[in-house]
2 protein chains.
Amino acid sequence: MHPRLVSATTRSLRATLSGPVHLRALVPTTLIPASRKLNQSSSRSLSSSAATAHSSSNPPMAFPCVDHLEQRTQKFLQQSFDGGPEPSYSNPVSGYSLYHHKKPFLLDHGGILPSFEIAYESWGELNEDKSNVILLHTGLSASSHAKSHPANPAPGWWEKFIGPGLAIDTNRFHVVCTNVIGGCYGSTGPSSIDPKDNKPYATRFPIVTIFDMVRAQFEMLNSMGIKKLHASVGASMGGMQSLAAALLFKERVGKVVSISAAARSHPYSIALRFTQRQVLMADPNWNKGFYYDKVPPHSGMKLAREIATISYRSGPEWEQRFGRKRSQPTTTPSLCADFLIETYLDHQGERFCLQYDPNSLLYVSKAMDMFDLSASNSAETALRRARNTVRLQEGKGSTAPENAATSPEEQLIQQQQEQAVCSTGSGSAVAEAAAKAKAKDDLDDPKAQLNDLKAGLSTIKDIPTLVLGIQSDILFPVWQQKEVADCLRQTGNKNVTYYELDSMYGHDAFLLEIVNVGSAVKGHLELKE
Amino acid sequence: MHPRLVSATTRSLRATLSGPVHLRALVPTTLIPASRKLNQSSSRSLSSSAATAHSSSNPPMAFPCVDHLEQRTQKFLQQSFDGGPEPSYSNPVSGYSLYHHKKPFLLDHGGILPSFEIAYESWGELNEDKSNVILLHTGLSASSHAKSHPANPAPGWWEKFIGPGLAIDTNRFHVVCTNVIGGCYGSTGPSSIDPKDNKPYATRFPIVTIFDMVRAQFEMLNSMGIKKLHASVGASMGGMQSLAAALLFKERVGKVVSISAAARSHPYSIALRFTQRQVLMADPNWNKGFYYDKVPPHSGMKLAREIATISYRSGPEWEQRFGRKRSQPTTTPSLCADFLIETYLDHQGERFCLQYDPNSLLYVSKAMDMFDLSASNSAETALRRARNTVRLQEGKGSTAPENAATSPEEQLIQQQQEQAVCSTGSGSAVAEAAAKAKAKDDLDDPKAQLNDLKAGLSTIKDIPTLVLGIQSDILFPVWQQKEVADCLRQTGNKNVTYYELDSMYGHDAFLLEIVNVGSAVKGHLELKE
């Protein structure tokens, strides 16, 4: 640092140029690209910006990222005044089929769908005895479009895993993929119309569970006359569904594939999803879920996706891909996206924020948090189902949301109901379930919790299962995969295949590791027992 | 599940009770605590809620967490109308001393502080030759209050690490801890008054770097007549400062302690901080940083802290501490805080949201992102300092924020300036710096980047350094600690101590592992070379 020396040289350089003493004077005009040669007005603005005395010691920062969000809000408001279209979350998908379920469907936490629809797509021929079906379950925000087909030639989310000779061989199998209930890509979810008042459900949509999603899928399979699946296959939330299907319908599932999933959500993954939901719900445009004829909470959705993206990938990948590179290396650091990793996250958020229904994100991610295959949870669920079936038969309708204002009186009512239900017959499944459910309160000990999980998984001890985990996965860490495999083995399941991949793609590896994930899936699906 | 059986028994139970057919009828009144025995009106409300026919298929959800945020906003608005007090971010601290720096201070990215203050606290006697000083650096949001003392008896953030016979032995050392510039606990930051217009800087505060923070600290040490530190000590961002101090003032630092820090921020940690900033900036009350006389962005701050908390702790700890327990196990699942881990995060956010200035969070976390001890970054910084010193001497004032609207012309101006600066003398430090800085553009190769880092760290090859990392740390993963230690060793530093702790407390272990962290620090500080 030789400031005086530098200063002198700068001055001498400037002396060779004419004009007012401002920054512009340092640049020979020949250095400026012809297309950008300054006209008088822009020259004035540049010199004025350089010469302006600020009223503050430093100039205020610019926040183009904040302006951008505000502009989008204004655009929506304008559209709303113009009667323009709202974002349609089913735009990204088309060419799916619909299963219509016309009877009321009771959900695990007491809600009721008066009817529901499931969007599905399929690939490969269904054989004569309908024994070659693979039910493919999706992750949180995916549609039924796992693979391109004539009615929708866009690449699907597992495009390279499904096809003749591929991981799921369409020469052998009839693959069916659905959009989950609670979703927004054709299946009934919060953005669907409540037949009772012809308005979107919004947050009047009832809480759904992974079990509910799977039970709805099996209603669809019933209508198709499919008695038994060759396999139930899925990754991430799809892996949860895949395991849940085996647990709920053990006679109807031939094999299970569970990739980067879990037998129960652990608190770290709940925390990651919780922050996404809170960020979304804090967007004033979310409006407690009633935004369908208004400005959507695009800002909250963008932020939620940015947080999600952090949990989907891994540090090592970003180290290699982005390192510490900045998007505009010569500029002053900015509080908007600045490093390449930031522009990447920003881009992921931008891409997603109008593609998926915010309320679906809330309900489906909550379903993941609640996922627990332990025996006590299955018992509790059975008990609630029984209790709510009573309510339904008595014409009481959907259970009130007890969460917000459960008074001691109401809690007593619940306990009484449970006692009434339990006392209906000793030795009955419900009584047994109640006893197990009650036992859960005492499960403070991790070992007891693990035994509870083993007892739950023992239901699928006869089903060959592939469990596959990724070592760099933060959201569904590999110890959770091992937990599934170990529990299954310890319940006596002799056909558990367990692989760990050293991929650096984190949770998203199931979408990217075509060879490593694909071979494992293919081997498991095609191996003769 | 035997719904019919259950139903019959429920009916028979109800038949033994009189009164209208609603839920209440199931509860013998003796079961209701005397204090809650229903009067007529609450009984009516309960029965009416049970009997009410909803206009929707399911009742709407309640969102007490959203209501709570709105209520707080309303409370602030009310206070504002009443002329009531705004939140004071320096409330949590008191009893600190102030160093006043009365001359303009040029920051690394071209900003200027016309003057600044540093809040500091100290413990232990300063010896006669002022050779027993330990400069303790803080993490992102900490104050100078590391330890209780008569003027502020509240426990400090490193209470059990500082004291007679403890990790930093106050019988031996004079410990000085400062609040960083950019912070809000007494030192000059965005919430401070800009002397130019007597209004808070807000986002007119210039971008600060970790180097700036440390340079400001050394201005303070100068005023105290402290020529050389016994040691520079810090964890997290404090560890960054600790290393930076050695790099900038190698003759003035005797030993270095760097705990859970890094020699350069990696993209995953940048991503985690980026989402926190974006969430905060998306709060409409943030208002581009100008909220000091308005409603503070308490909601954005709460959310940012929730995300931060995820990066401060670890999965295994939460697995043991919270597991899958819910805060109110008998209630219907809620989209507000529901699992214990969620109420914990919510609580962390609540506690923090009015305790720390939101703009300080933006500036200080950005400083962490920019941190990079590589030779090319030091060279770039030196170059910018030289350039901006010229500007300052010419009375041009603070550099305009180039980030928002750097036109090609302006970029050319910058390049020209750099060329002017570089051409001032071959062999000069600046020219060398410029050459190194230019070389950074070509550093695509991770190996070259590592060599760049080694070159940067070679400055402190003669300073005994303790590097300590936590194996469960996600924010500053242990490989980053090893990177620091390995680089230092490879530059020829023969006094590098490197420990990995298997603590399950993640990044926060430096606050909690009193024995494991404490012994390492004590040993390093007291070992005779």
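As a convention, each chain's residues are numbered from 1 in the sequence order in which they are written. Chains and ligands are labelled by the order in which they are written, letters from A for the one and numbers from 1 for the other. For this predicted model, a pLDDT threshold of at least 70 governs which residues receive local features, and a threshold of 80 or more governs which side-chain atom pairs are given and counted, while totals over whole chains, interfaces and linings are taken from all residues. To obtain the side-chain values, all non-hydrogen atoms of the structure were included, while hydrogens and water were left out.

Looking at an unreviewed UniProt entry, one finds chain A named Homoserine O-acetyltransferase/O-succinyltransferase and attributed to Entomortierella parvispora. UniProt positions are given in the numbering used here, feature names are shortened, and annotations may be inferred rather than shown by experiment. UniProt, in its Sequence similarities (unreviewed entry) section for chain A, records the words "Belongs to the AB hydrolase superfamily. MetX family."

Our focus in this paragraph is the overall build of chain A. Helix and strand labels come from DSSP, where a helix needs a run of H or I of at least four residues and a strand needs a run of E of at least two; each type is numbered from the N terminus. Looking only at helices and strands, chain A features 17 helices and 14 strands. When checking whether two residues touch, look at their non-hydrogen atoms; a contact exists if any pair is within 4.5 Å. Pairs at least 24 apart in sequence give 73% of the contacts found in chain A among residues at least 6 apart. Only the protein chains shown count as cover for residues, and the accessible areas themselves come from Shrake-Rupley with a 1.4 Å probe. Total accessible area on chain A is roughly 20600 Å²; 52% of this is exposed by carbon and sulfur atoms.

Packed helix pairs are specified by the crossing angle of their axes together with the interaxial distance, meaning the distance between the axes. Residues and elements named next belong to chain B. Interaxial distance between helix α14 (residues 446–457) and helix α15 (residues 478–490) falls to 9 Å at its minimum, and their mutual angle equals 70 degrees. Between α14 and α15, the interaxial angle falls into the category roughly perpendicular. Remark: the crossing between α14 and α15 carries right-handed chirality. Residue-level inspection shows Leu450, Leu453, Lys454 and Leu457 of α14 in contact with α15, the latter providing Glu483, Val484, Cys487, Leu488 and Gln490. Helix axes are fitted only over the stretch in contact, all axes being lines through C-alpha atoms; the angle between N-to-C directions runs from 0 to 180 degrees. Reported orientations rely on four angle classes, namely roughly parallel under 35 degrees, roughly antiparallel over 145, roughly perpendicular from 65 to 115, and oblique for the rest. Here a crossing is taken to be left-handed if its near helix is turned anticlockwise relative to the far helix by less than a right angle, and right-handed if that turn runs clockwise.

So, on to the state of the cysteines. All names here are of chain A. In this description, the term disulfide denotes a pair of cysteine sulfurs within 2.5 Å. Under the counting rule described, the total for this entry stands at two disulfides over all chains. Residue pairing for cysteine 65: its cysteine sulfur links by disulfide to cysteine 336, the two sulfurs lying 1.9 Å apart. On the S-S bond that ties cysteine 65 to cysteine 336, the torsion sits near -75 degrees, and the link is left-handed. Placement of cysteine 65 in helix α3 (residues 64–82) and of cysteine 336 in the loop between α8 (315–321) and α9 (340–352) is noted, with a sequence separation of 271 residues between them. The burial state of cysteine 65 is the same as that of cysteine 336; both residues are buried. The thiol of cysteine 177 is unpaired, and the distance to the nearest cysteine sulfur, on cysteine 184, comes to 14 Å. Classification of cysteine 177 as buried rests on a relative accessible area of 0%. The rule is simple: take the accessible area with a 1.4 Å probe, protein chains only, and divide by the maximum for that residue type; under 20% is buried, over 50% is exposed, in between is partly exposed.

Residue and element names in this part refer to chain A. With mixed pairing, the eight strands of this open sheet are ordered in space as β1-β4-β8-β5-β11-β12-β13-β14. Two strands bound the open sheet, and with one partner strand each, they are β1 (97–101) and β14 (496–501). The average angle at which neighbouring strand axes cross in this sheet is 20 degrees, direction not considered. Where strand β13 (residues 465–470) and β14 come together, six bridges link them in parallel fashion. Bridging from a neighbouring strand, isoleucine 470 pairs with leucine 501 of β14. Contacting β5 (133–137), β11 (231–235) and β12 (256–259), helix α5 (residues 237–248) crosses the sheet at an angle of about 155 degrees to β11. Here, any two strands with at least 2 DSSP bridges between them count as paired.

Attention now goes to helix α6 (residues 267–281) of chain B. In this scheme, a helix's expected span is set at 1.5 Å multiplied by one less than its residue total. With 15 residues, α6 of chain B extends 20 Å between its outermost C-alpha atoms, agreeing within 8% with the 21 Å of an ideal straight helix rising 1.5 Å per residue. Summarising burial for α6 of chain B: 15 of the 15 residues are buried, a large majority.

Here the focus is the domain arrangement of chain A. Residues and elements named next belong to chain A. As annotated, the domain borders come from an automatic or database domain assignment. You can read the domains of chain A as domain 1 (65–89 + 270–365) and domain 2 (97–264 + 461–526). Taking only C-alpha atoms into account, the centre of domain 1 sits 27 Å from that of domain 2. Facing the 26 residues of domain 1 at the interface are 30 residues of domain 2. Once two parts are brought into contact, the accessible area they lose, counted with a 1.4 Å probe and summed over both, makes up the buried area. Summing the contributions of domain 1 and of domain 2, the shared interface buries around 2400 Å²; its carbon and sulfur component is 66%.

This part takes up the sheet that holds strand β5 (residues 133–137) of chain B. Residue and element names in this part refer to chain B. Taken together, eight strands build an open sheet; the order of strands is β1-β4-β8-β5-β11-β12-β13-β14 and the sheet is mixed. Whereas interior strands pair on both sides, the edge strands pair on one side only; in this sheet they are β1 (97–101) and β14 (496–501). Between one strand axis and the next, the sheet turns through 20 degrees on average, direction left out of account. In this structure, β5 lies alongside strand β8 (residues 174–178), joined through four bridges in parallel fashion. The residue of β8 that forms the bridge with isoleucine 134 is valine 175. Running over the sheet, α15 touches β13 (465–470) and β14 and is turned about 165 degrees from β14. On the sheet, helix α17 (residues 514–526) packs against β5, β11 (229–235), β12 (253–259), β13 and β14 and is oriented at approximately 165 degrees with respect to β12.

Bringing the side chain of arginine 72 of chain A into the picture now. Residue and element names in this part refer to chain A. Tracing the backbone through its elements, the reader meets arginine 72 in helix α3. Here histidine 298 takes part through its side chain, which lies 3.0 Å from a polar atom of the side chain of arginine 72. Arginine 72 has contacts with His298, Lys302, Glu350, Cys353 and Leu354, leaving out every residue within four places of it along the chain. Whenever a nitrogen or oxygen atom comes within 3.5 Å of another N or O atom, the pair is scored as a polar contact, on the condition that within protein one atom can donate a hydrogen and the other can accept it, and that pairs from neighbouring residues in sequence are kept only if both atoms are in side chains.

Now for the confidence of the model for chain A. Note: predicted coordinates in regions of low pLDDT should not be interpreted at a detailed level. Residues and elements named next belong to chain A. Think of pLDDT as the predictor's per-residue confidence, scored from 0 to 100. Residues of chain A with pLDDT of at least 70 account for 79%, and the chain-wide mean is 84. The low-confidence segment residues 400–413, where pLDDT is below 50, has 35 contacts with residues more than four positions distant or belonging to other chains. Here residues 417–427 scores under 50 on pLDDT; set against residues more than four positions off or in separate chains, the count is 21 contacts. Scoring the predicted complex yields pTM 0.85 and, for the interface, ipTM 0.83.

A few words on the side chain of glutamine 480 of chain B. All names here are of chain B. For glutamine 480, the location among the structural elements is in helix α15. Of the polar contacts made by the side chain of glutamine 480, one reaches the backbone oxygen of arginine 264; its length is 2.9 Å. Apart from residues no more than four positions distant in its own chain, glutamine 480 is found in contact with Ala261, Ala262, Arg264, Ser265, His266 and Leu475.

A few words now on the packing of helix α4 (residues 210–223) of chain B against helix α5 (residues 237–248) of chain B. All names here are of chain B. Contact pair α4 / α5: the axes reach a minimum separation of 9 Å and the direction vectors enclose 65 degrees. The angle between α4 and α5 places the two elements in the roughly perpendicular class. Of the two possible hands of crossing, α4 and α5 adopt the one that is right-handed. Contact residues: α4 offers Ile210, Phe211, Met213, Val214, Arg215, Gln217 and Phe218, while α5 offers Met237, Met240, Gln241, Ala244, Ala245, Leu247 and Leu248. Under this grouping Gly is polar, as are all residues other than the nonpolar Ala, Val, Leu, Ile, Met, Phe, Trp, Tyr, Cys and Pro and the charged Asp, Glu, Lys and Arg. Looking at the contact of α4 with α5, its residues break down into 11 nonpolar, two polar and one charged.

Another aspect to go through is the environment of serine 144 of chain B. Residues and elements named next belong to chain B. For serine 144, the position within the fold is in the loop between β5 and β6 (162–163). A residue is classified by how much of its surface remains accessible, and serine 144, at 0% relative accessible area, is buried. It is 18 Å that separates the C-alpha atoms of serine 144 and aspartate 508, two residues lying 364 residues apart in sequence. Residue contacts for serine 144: discarding those within four places in its chain leaves Tyr96, Ala119, Tyr120, Glu121, Trp123, Trp157, Cys177, Thr178 and Asn179. A distance of 2.7 Å separates the side chain of serine 144 from the side chain of glutamate 121, its partner in a polar contact.

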